[in-house]
Amino acid sequence: MPIEITGGMLLQGVVSGLLAGGLYAMVALGMALIFGVMRVINVAHGTLLMLGAYATYWLFALYGMNPFLSLLISFPLLFVVGVILQRLFVYRVVDAPELSSLLLTFWISIFIANMAMVAWTADYRSVEFLTGSFLLGPIALSKPRLISFCFALGITYLAFLFLNKSKTGKAIRATSQHRELAQVCGINVRRIDLITFGLAAGLAGTGGSLVSVMFSVFPEMGQIYVFKSFLVIVLGGAGNYPGAFFGGLILGLVEGLASLYLSAQLSEVIAYILLVLILLVRPTGLLRGRS
Amino acid sequence: MKGSSKAKENLGWVFLLGLGLGLLIWDSAAAQAPIKVGASISVTGTYAKLGGYTRDGYLMCAKEINDKGGLLGRKLEFVIYDDRSETTTAIKLYEKLITEDKVELVMGPYSSPITNAASTVSEKYKKIMVASLAATTSIWERGFKYLFMTISPAEVYMEGLVELAAERGLKTIAVINEDTLFSKAAASGTIDLAKKKAMKVVMHDAYPKGTTDFSGLLIRMKALNPDVIVAGSYFDDAVATTRQMKELDVNPKMFGVTVGGDVPDFGKQLGKTAEYVYGSTQWSDDVKYPGAREFTENYKKMFNREFSYHAPAAYGACQVFAEAIRRAKSLDSDKIREQLLKLKITTAFGDYQVDERGFQTAHKMVLLQWQEGKRVTVWPASLAEAKPLYPTPPWSQRK
Amino acid sequence: MKGLIGAVVLLILAALGLMPFFVTNYIVSFAIQIFMWIALAGSWNLISGFTGYVSFGHVAFFGTGAYTAAILISKAGWHWFPASLTGSVTAAALALIIGYPCLRLKGPYFAIAMLGLNEVVRALVSYFETFTGGGNGISLPPIASIQPVYYAMGGVALAVVLFTYLIITSRFGLRLLSIREDELAAEAMGVNTARLKLYAFLLSATFPGIVGGFFAWYSSHIEPIGTFPLLTTITMIIMCLFGGKGTVLGPVLGATLLSIFQEMVWARFLFIHQAIFGALIVAVVLLMPRGILGVLQQRYRLPRTI
C-alpha cells in the first residue's frame with residue numbers, strides 16, 4: 001500500500017538498514033577470506049553462524065552469561081570448529097573446481113544443521129537480554145541492534161588490524177593474492193588455510209552471537225546470511241577485504257530502503273538484480289577487486 | 001462295540017469344541033488387529049511447536065479410546081510421520097500412508113496450507129479426512145466430499161478484538177499477515193469485520209513466510225499511528241513482531257495476533273514484553289465444555305507441560321471422528337460421511353456441526369490477553385475471567 | 001555389436017512401455033519419479049556436464065515450468081499437456097534473460113548468480129499473488145489416472161537422452177566440450193563460445209520446464225517453497241555426477257540408482273536417510289568426481305559417446 005514516506009521514516013529506515021549492514025559486513029568478511037585464500041565457496045557459512053548463536057543462547061539460558069561477554073567464548077569455539085572442518089574436509093577442495101567446493105560445503109551445512117535439529121529441536125529460541133530502544137527524536141535506535149553494530153564494528157576493525165599488521169595476517173593476504181608466489185616466498189599455505197578458515201568461522205560465529213540478541217535462534221537461521229554474504233562479496237569485490245565491509249553496509253542500506261518503499265518480499269529481488277547488474281558491469285566487484 | 005463308539009462320539013465333541021474355541025480365539029485375535037490411523041504432522045520446521053501439540057492431542061484421544069475398549073472392538077493405532085512443515089512432503093507422506101502403509105483412516109495435519117494440499121490426496125482415494133487444525137474457508141470451497149472441519153474459520157479469529165475495539169470507539173486499524181493461506185484469510189476476515197464496525201483500514205501488507213526482520217513494515221505502521229494493530233501470524237513471527245514493536249517504539253492502543261499469542265512459550269520467551277498482547281484461541285482452559293477440565297488434568301499428567309488450543313482441537317476432532325464411526329458402525333467412508341454430516345455434538349473442545357460442505361458452523365472462538373505473565377480470557381463476556389487491560393500503555397511508560 | 005545393442009535398447013523401451021498394465025500404481029508412480037530425475041539430471045548435464053558452467057539454481061526452470069502450467073490449467077482451462085509444453089517456453093525465456101548476461105561470468109560467480117536466481121524467482125512468484133496465488137500456491141483438480149503422466153514423463157526422459165546422444169556425437173557437442181576444457185583456447189580457435197554456451201543453456205532449461213509442468217499436474221498442488229528447493233538442484237547434480245557427467249547414460253544411471261536407493265532408505269529410516277545421502281555426496285565429490293561411467297570409460301576404454 002503506497003503511503004507517503006516522510007523524512008523521519010526515511011532516516012529511520014536508513015539507520016535500521018545500516019545497523020543491520022554492519023553485521024552483514026562482519027559475517028561476509030569471513031566468507032570473503034575463505035573465497036580469497038582458498039577459492040572455496042563456503043555454503044556452510046550460515047551454519048557456522050548458527051552454531052555461534054546457539055553457543056550464546058545456551059550460555060545465556062543455562063548460566064545467565066551476558067551475551068556480549070559470550071563473544072569471548074563463541075569466537076574461539078568457532079575458530080576451533082573451523083580449523084577442524086578445514087583439516088578434515090575442506091582442504092581437499094582447496095583450489096578445486098567450484099562444483100566440488102559447493103557440494104562439499106553444502107553437505108557440511110546440511111550435516112551440521114541436522115545435528116542441531118536433533119540436539120536442540122526446531123523450536124525457536126531467543127536471548128531476551130536487551131530490548132527496547134534509545135529514542136533520538138523521531139528515530140528509535142533499537143538497543144540490541146545498536147550495541148551489536150558497535151561490537152561488529154569493533155571486531156571487524158580488529159580483524160583488519162590483524163590482516164594488515166601481523167605477520168600471519170599479511171601472509172593471508174599474500175596467499176589470497178597469489179597462492180603460488182606465496183608458496184615460493186616460503187609461506188606455509190596449508191597452515192594459512194587452516195588459520196583462515198578458523199578466523200572466518202570465528203567471525204561467522206561471532207556474527208551469530210550478535211544475531212541471537214536481535215532475532216530468533218533456530219537451526220535454519222543461517223541460510224539467509226549465506227546469500228547475503230554472496231551479495232556482499234560481489235558488491236565489495238572478492239579479495240578486497242575493506243570492500244566487503246562497505247559492501248555489507250550498502251546491502252543493509254538497500255534492504256532497509258527497499259522494504260520501506262516497496263514490499264518486504266521484493267527486497268530480496270532488488271538485491272539480486274543489483275547483484276546481477278554489478279557482476280555484468282564490473283565482474284570484479286563494485287569497489288576495487290581482483291578477478 | 002458300544003464303548004468305543006461312545007469314546008469316538010466324545011472325541012468328536014471334544015474336537016468340535018476345540019474347533020469352535022479355536023475359531024473364537026482366531027476371530028477375536030483378528031479383530032484385535034488395530035485400526036491404523038495415518039497422519040503427517042509438523043514435528044520439525046516452522047510449525048513444529050504447534051504441530052507438537054496436535055500430535056499430543058491425537059495420542060491422548062487414542063489412549064482414552066483404547067482404555068475404554070477401543071473403536072468397534074479394535075484398538076486405535078496412530079501412524080504419524082513428520083512433514084517438516086512442508087506441503088510437498090505432506091503430500092508424499094499421505095500417499096505413502098494410504099497406498100503403502102494401508103491405513104484405514106486418516107486425520108488432518110497441522111495448518112491450513114498443509115491440510116489444503118494433503119486433502120487432495122485423501123479425496124483422491126476417497127478417505128475421510130477430519131481436518132483438525134485447518135481454519136481457512138477456501139479449503140472447503142473446492143467441492144470435496146470427504147473433508148470435515150472442526151475448528152472455527154480463520155476469518156473470525158479476531159472477532160473478539162474488533163468487537164472490543166469498536167466498543168471503545170477506536171477508529172483505525174492496520175493489518176499485517178504472513179503470506180500463507182490461513183494468515184491471509186484471517187487478515188481479510190479481520191478487515192471485513194473492522195469495516196462492518198465502521199473502522200478504517202489504514203494499512204494491509206503481507207510478509208513472506210520465514211521473515212525475521214519486520215522493521216520496514218513497523219516503521220510504516222508507526223508513521224500511520226493506528227489505534228489497533230493485528231498480525232495474522234504463527235508463533236515465531238508473532239514473537240519477533242512484538243519484540244521489534246518495542247524496539248521501534250510502536251504504540252497502538254490494542255495489539256493482537258492470530259496464532260502464537262495463546263501459546264505458553266510466547267510469554268516465556270518475551271517475558272514482560274508480552275504484557276497486554278491479545279491472542280486469539282479456539283479454546284482456553286476455563287471453558288465449560290464437558291470433559292474440558294479432565295482433558296487439562298490428563299494432559300498435564302501425560303506430557304507434563306502447558307499446552308495451547310491445538311491439543312484439545314486435535315483431541316476433539318479425533319473424538320468426533322470416533323463418534324461418527326461408532327454411529328456408522330463401520331469404517332466405510334460413505335457411511336461415516338453420512339454421520340459426520342448430520343452429527344451435532346459437544347466434546348471437550350466445544351461444539352461441532354457442519355454444513356453440507358463440511359464447513360464448521362457451531363464452534364466459538366475465545367480472546368485472551370497476557371496479564372501479569374498469565375493468559376486471561378477476556379472475551380466473550382460469558383466466558384471472560386477478567387476485563388481487558390485497556391489501553392495498552394506506550395513502551396516508554398512501562399517498566 | 002551395434003545391432004545387438006540396438007535390439008536390447010528396443011527391448012527395454014518396449015518393456016517400459018507395457019509396464020503400467022502389469023504392475024501396481026505404486027511402482028508406476030515410482031517410475032514417474034525416476035523418469036523425472038533422469039530428465040532433470042540429464043538437463044543439468046547439458047549445461048554443466050558439457051560446458052563446465054555450474055548451474056546451481058537449475059530448479060528455477062523446473063519451478064517456472066510448474067507455475068506456468070499450473071496457471072494455464074487453473075486460470076485458462078488448458079489441457080495439461082500443452083500447458084506443460086508452454087512451461088518449457090517460459091523456462092527457456094528465463095534462461096535467455098539470465099543466461100545472456102550471466103554466462104559471461106567466470107566459474108564461481110556464475111554459480112553464485114544461479115544460486116541467487118532460484119531465490120529470486122521464488123520471491124517473485126510469491127509476490128505476484130494474483131497470478132500465482134502467492135503463498136497459497138495453486139490447487140489443481142485431482143487427476144484420475146497416472147498412466148498418461150507416466151508416458152509423458154517417460155517421453156521427456158527419452159528425449160533428453162536422445163538429445164544428449166545427438167549432441168555428443170556432433171560437432172556442436174565437441175565445441176561445448178572444448179569450452180569445458182579450456183575456454184580461452186577454444187575462443188582462440190574460433191569457437192563462438194558465447195553463442196554456444198547460450199544454446200546449451202537454453203536447451204538445458206526447456207526440459208526441466210516441461211517436467212515441471214507435468215509435476216504440477218501430478219501433484220495437484222504447488223506452492224513456492226516446495227517448488228523451488230535447493231535440495232532438488234543438489235539432487236540432480238549428484239545424480240548426474242554419480243552416473244558420470246558429460247556422458248549420455250551417466251545421468252540415467254545416476255538417477256535410477258539413486259532413486260531406488262532413496263526409496264528404499266527413506267521409507268524405512270527417515271533420519272539416517274539424510275545422513276547416508278550426505279555421505280554419498282561426500283563420496284562422490286571427493287572420491288569419484290567422474291562418476292561411475294567416467295571411471296569405466298577410463299578403465300575399459302569405453303567410447304566417449306555412451
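Computed from a predicted structure; not experimentally measured. (Residues numbered from 1 in each chain as written. Chains lettered and ligands numbered in written order. Predicted model: local features only at pLDDT ≥ 70, side-chain atom pairs only at ≥ 80, totals over all residues.)

Brief notes about the overall build of chain C
Along the backbone of chain C there are 15 helices and 2 strands. A compact globule built from 306 residues would reach a C-alpha radius of gyration of about 19 Å, and chain C, at 19 Å, matches this within 12%. When the backbone C-alpha atoms are referred to their principal axes, chain C occupies close to 50 × 45 × 40 Å. A sequence separation of at least 24 residues applies to 79% of the contacts in chain C between residues at least 6 apart. (Helix = DSSP H or I, 4+ residues; strand = E, 2+ residues; numbered from the N terminus. Rg over C-alpha atoms; globule rule 2.2 N^0.38 Å. Contact = placed C-beta atoms within 7 Å.)

Regarding the confidence of the model for chain B
All names here are of chain B. Per-chain confidence: chain B averages 84 in pLDDT, with 91% of residues scoring 70 or above. Taken element by element, chain B is modelled with least confidence in helix α1 (residues 2-31), mean pLDDT 52, and with most confidence in strand β9 (residues 254-257), mean pLDDT 94. Note on residues 26-30: pLDDT under 50 across the span, and 0 contacts to partners over four residues away in sequence or across chains. (pLDDT = per-residue confidence, 0-100.)

Structural notes on the interface of chain A and chain B
The partner chain B presents 31 residues to the 27 residues of chain A that form the contact. When residues of the side of chain A that touches chain B are traced back to their parent elements, those giving at least two are α1 (7-38), β1 (133-136), β2 (139-142) and α10 (241-261) of chain A. The greatest single-element share of the side of chain A that touches chain B, amounting to 4 residues, is contributed by α1 of chain A. Among the residues forming the side of chain A that touches chain B, the class breakdown is 11 nonpolar, 14 polar and 2 charged. (Nonpolar A, V, L, I, M, F, W, Y, C, P; charged D, E, K, R; others polar.)

Structural notes on the interface of chain C and chain A
Facing 28 residues of chain C, the contacting portion of chain A comprises 27 residues. Among the elements of the structure, α4 (80-102), α5 (107-127), α12 (230-243) and α14 (270-287) of chain C are those that each provide at least two residues to the side of chain C that touches chain A. In terms of residue count, α5 of chain C provides more of the side of chain C that touches chain A than any other element does, 13 residues in total. Split into classes, the residues belonging to the side of chain C that touches chain A amount to 21 nonpolar, 5 polar and 2 charged.

With respect to the domain arrangement of chain B
All names here are of chain B. Per the domain assignment, the segments of chain B are domain 1 (35-152 + 287-352) and domain 2 (156-281 + 365-397). Taken over C-alpha atoms, the centre of domain 1 sits 28 Å from the centre of domain 2. Contact residues are listed per partner, giving 17 residues for domain 1 and 18 residues for domain 2. Mapped onto the side of domain 1 that touches domain 2, the elements with two or more residues apiece are α2 (48-67) and α4 (112-124). The dominant element in the side of domain 1 that touches domain 2, judged by the number of residues it contributes, is α4, at 3 residues. The residue makeup of the side of domain 1 that touches domain 2, split by class, is 6 nonpolar, 9 polar and 2 charged. (Domains from an automatic or database assignment.)

Brief notes about the sheet that holds strand β1 (residues 35-41) of chain B
Residue and element names in this part refer to chain B. The sheet built from 5 strands is open, its strands ordered β2-β1-β3-β4-β5 with parallel pairing. Looking at strand neighbours, the two that pair on one side only are β2 (76-82) and β5 (147-149), the edges of this open sheet. Each strand axis lies, on average, 25 degrees off the axis of its neighbour in the sheet, ignoring direction. On top of the sheet, helix α3 (residues 87-100) reaches β1, β2 and β3 (105-107); it is set at about 170 degrees to β1, its chief contact. (Pairing = 2+ DSSP bridges. Axes fitted to C-alpha atoms, helices over the stretch in contact; angles between N-to-C directions.)

Let's talk about the pairing of β1 of chain B
Residues and elements named next belong to chain B. A large share of β1 lies buried, amounting to 6 of its 7 residues. Where β1 and β3 come together, 2 bridges link them in parallel fashion. By the bridge assignment for β3, Gly-38 is matched with Val-106. (Buried ≥ 20, exposed ≤ 12 C-beta atoms within 10 Å, placed from the backbone.)

Description of the pairing of strand β10 (residues 278-281) of chain B
Each regular strand carries side chains that alternate between the two faces of the sheet. All names here are of chain B. Alternating positions in β10 separate into two faces, Tyr-278 and Ser-280 on one and Gly-279 and Thr-281 on the other, with burial throughout. Bridging between β9 and β10 involves 2 bridges; their strand directions are parallel. Residue pairing for β10: Val-257 is matched across the bridge by Gly-279. Handedness of the crossover is the feature at issue here: the chain leaves β9, passes through helix α9 (residues 264-270), returns alongside β10, and the resulting connection is right-handed. In the sheet, β10 pairs with strand β13 (residues 366-371) via 4 bridges, with the strands oriented antiparallel. Within β13, the position partnered with Thr-281 by the bridge is Val-366. (Right-handed = clockwise from strand over helix to strand, strands pointing away.)

Details of the sheet that holds strand β8 (residues 228-232) of chain B
All names here are of chain B. With respect to topology, 7 strands assemble into an open sheet ordered β7-β6-β8-β9-β10-β13-β14, the strand pairing being mixed. Of all strands in the sheet, those with a lone pairing partner are β7 (200-207) and β14 (374-379), marking the two edges. Taken pair by pair, the neighbouring strands of this sheet meet at an average axis angle of 25 degrees, ignoring direction. The sheet contacts of helix α6 (residues 181-196) involve β6 (172-178), β7 and β8, and relative to β6 the element is tilted by about 170 degrees.

With respect to the packing of α1 of chain A against helix α7 (residues 215-224) of chain B
Orientation of α1 of chain A relative to α7 of chain B, taken along the N-to-C sense of each, is 160 degrees, at an axis distance of 10 Å. By the angle between their axes, α1 of chain A is roughly antiparallel relative to α7 of chain B. Seen from above, α1 of chain A lies across α7 of chain B with right-handed handedness. Across the interface between the two elements, Met-9, Gln-12, Gly-13 and Ser-16 of chain A of α1 of chain A pack against Ser-215, Ile-219 and Ala-223 of chain B of α7 of chain B. Here the contact of α1 of chain A with α7 of chain B is built from residues that sort into 3 nonpolar, 4 polar and no charged. (Parallel < 35°, antiparallel > 145°, perpendicular 65-115°, else oblique. Left-handed = near helix turned anticlockwise from the far one by under 90°.)

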